[in-house]
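# Summary of structural features
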Amino acid sequence: MSDHAVVDVGDVRLAYRTWGDSYGAPVVLLHGLGGSSETWEQVGQALGQEWRVYALDLRGHGESDWPDEYSVELMRDDVLGFLDELGLDRVGVVGHSMGGVVAYLLAEEHPDRVERLVLEETPPPYPRDWVEAPGPDGAIDFDWPVSPAVRAQIFDPDPEWAERLGEIVAPTLIVAGGPDSTMPQERIPDMATAIPDCRVITMPVGHLVHEGSPQKFAARVSEFFTS
């Protein structure tokens, strides 16, 4: 089971879960749009056998504050503030989907803080055709305005995101979900080529790799972090 805590980062209170020995090497898990730290429960338990694992509820999600101001850059800055508040100097970062965008922006802007980087089903930073997202049918565990704000950035990203991929110094693993994924896969090789030390693996279970195959995903992450 995970432990729950909160920390104030500027004006935003962030909730997070932890697993593993408090003296273990730190690994930070960042969920996707509409998710929360809860989605990492099985992976967190598995990684916690070897690492000190932190899974955040990003702003507007789960038990963190819903401040009505959203962008992936703000989330990146929240994560940096989280690292500072907890005294975490260099960490391994694992990001799923939107959380992967937050993760690689952190690795671009603050390369000294990211030891290793895992991008699970992360949208490559290249423009693509807009796809409408249906509104919620009932209660949801995140602030709905996050969705249009973040999706607008993902479908039409700042060109600087792609231009700065070459500034990522952390060894990087891209985990693709294969043909059953709801995320287009064709630009993943372009992103991988732009990152200096990067390799790609495919786990063909669709977009939610860490939920569809948590034990195998955790094993591949641990293998990468210790390679």
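The sections below set out a description of the structure shown in this document.

### Notes on the overall build of the protein
The helix and strand tally for the protein stands at eight helices and eight strands. Over its C-alpha atoms the protein spans a radius of gyration of 16 Å, differing by no more than 12% from the 17 Å that the globule rule assigns to 227 residues. Viewed in the frame of its principal axes, the protein has a C-alpha envelope of about 45 × 40 × 30 Å. In the protein, which comprises 227 residues, the proportion classed as buried is 56%. Summed over all atoms, the accessible surface of the protein reaches about 9900 Å², with 48% contributed by carbon and sulfur. Positive and negative side-chain charges in the protein, numbering 15 and 40 respectively, have mean positions lying 5 Å apart.

### Some details on the packing of helix α2 (residues 72-85) against helix α3 (residues 98-109)
Between α2 and α3, the least distance of the axes is 9 Å, while the angle of their chain directions is 65 degrees. On the basis of their axis angle, the class for α2 and α3 is roughly perpendicular. With respect to the hand of their crossing, α2 and α3 are arranged in right-handed fashion. Where α2 approaches α3, its residues Val72, Met75, Arg76, Val79, Leu80 and Leu83 are matched on the opposing element by Met98, Val101, Val102, Leu105, Leu106 and Glu109.

### A closer look at the packing of aromatic side chains
A full pass over the atoms with the stated rule returns eight aromatic pairs. For the ring pair Trp51 and Phe225, a centre distance of 5.6 Å and an interplane angle of 80 degrees mean the geometry is edge-to-face. With a gap of 174 residues between them, Trp51 in the loop between α1 (41-47) and β4 (52-56) and Phe225 in helix α8 (residues 214-225) connect regions that are remote in the sequence. Like Phe225, Trp51 is buried. When the ring centre of Phe155 is taken as origin, the NZ or CZ atom of Arg128, which lies over that ring, is 4.3 Å away. Over the ring of Trp130 we find Arg151, and its NZ or CZ is 4.8 Å from the ring centre.

### What about the pairing of strand β1 (residues 3-9)?
Pairing geometry for β1 and strand β2 (residues 12-19), over seven bridges, is antiparallel. The partner of His4 across the bridge, within β2, is Arg17. Hairpin connection between β1 and β2: a loop of two residues separates the two successive antiparallel strands, and Gly10 in this loop has a positive phi of roughly 60 degrees.

### Some words on helix α4 (residues 146-155)
Of all the ten residues making up α4, seven are buried; the element is thus mostly covered by neighbouring parts of the structure. Among all positions of α4, only Val146, Ser147, Val150, Arg151, Gln153, Ile154 and Phe155 are buried. Buried residues in α4 make contact with α2, α3 and α5 (159-163).

### What about the nonpolar core?
In terms of nonpolar packing, the biggest core is built from 47 residues, with Leu30, Phe82, Tyr104 and Leu117 touching the most fellow members. When residues in this core are grouped by element, the largest group, eight residues, is from α3. When neighbours within four sequence positions are excluded, Tyr104 is seen to be in contact with Leu117, Leu119, Thr122, Pro123, Pro125, Trp161, Leu165, Ile168 and Met191.

### Details of the side chain of Glu121
Structurally, Glu121 can be placed in the loop between β6 (114-120) and α4. No salt bridge is formed by the buried Glu121; the nearest opposite charge belongs to Arg128, separated by 9.0 Å. Within polar-contact distance, the side chain of Glu121 engages the backbone nitrogen of Gly177 at 2.5 Å. Of the polar contacts made by the side chain of Glu121, one reaches the side chain of His207; its length is 2.8 Å. Ignoring anything within four residues of it in the chain, the contact list for Glu121 reads His96, Ser97, Val175, Ala176, Gly177, Gly178, Ser181, Met183, Gln185, Gly206, His207 and Val209.

### A look at the sheet that holds strand β8 (residues 198-202)
A sheet is described by the order of its strands in space; here eight strands give the open sequence β1-β2-β4-β3-β5-β6-β7-β8, paired in mixed fashion. Each edge of the open sheet is held by one strand with a lone partner, namely β1 and β8. Between one strand axis and the next, the sheet turns by 20 degrees as a mean value, whatever way the strands run. Packing of α2 onto the sheet brings it into contact with β1, β2, β3 (26-30), β4 and β5 (91-96), and relative to β1 it is tilted by some 105 degrees. On the sheet, α8 packs against β3, β5, β6, β7 (172-176) and β8 and is oriented at approximately 150 degrees with respect to β6.

Cut-offs and rules
Residues numbered from 1 in each chain as written. Predicted model: local features only at pLDDT ≥ 70, side-chain atom pairs only at ≥ 80, totals over all residues. Heavy atoms only, no water. Helix = DSSP H or I, 4+ residues; strand = E, 2+ residues; numbered from the N terminus. Rg over C-alpha atoms; globule rule 2.2 N^0.38 Å. Buried < 20%, exposed > 50% of the residue type's maximum accessible area, 1.4 Å probe, protein only. Areas by Shrake-Rupley, 256 points an atom, 1.4 Å probe, with all protein chains shown as cover. Lys, Arg positive; Asp, Glu negative; His and termini not counted. Charge placed at Lys NZ, Arg CZ, Asp CG, Glu CD. Axes fitted to C-alpha atoms, helices over the stretch in contact; angles between N-to-C directions. Parallel < 35°, antiparallel > 145°, perpendicular 65-115°, else oblique. Left-handed = near helix turned anticlockwise from the far one by under 90°. Contact = heavy atoms within 4.5 Å. Phe/Tyr/Trp six-rings, centres within 6.5 Å; stacked < 30°, edge-to-face > 60°. Lys NZ or Arg CZ within 6 Å of the ring centre and 35° of its normal. Pairing = 2+ DSSP bridges. Core = buried A, V, L, I, M, F, W, Y, C linked by side-chain atoms within 4.5 Å. Salt bridge = Lys/Arg side-chain N within 4 Å of Asp/Glu carboxyl O. Polar contact = N/O pair within 3.5 Å; in protein donor to acceptor, adjacent residues only side chain to side chain.

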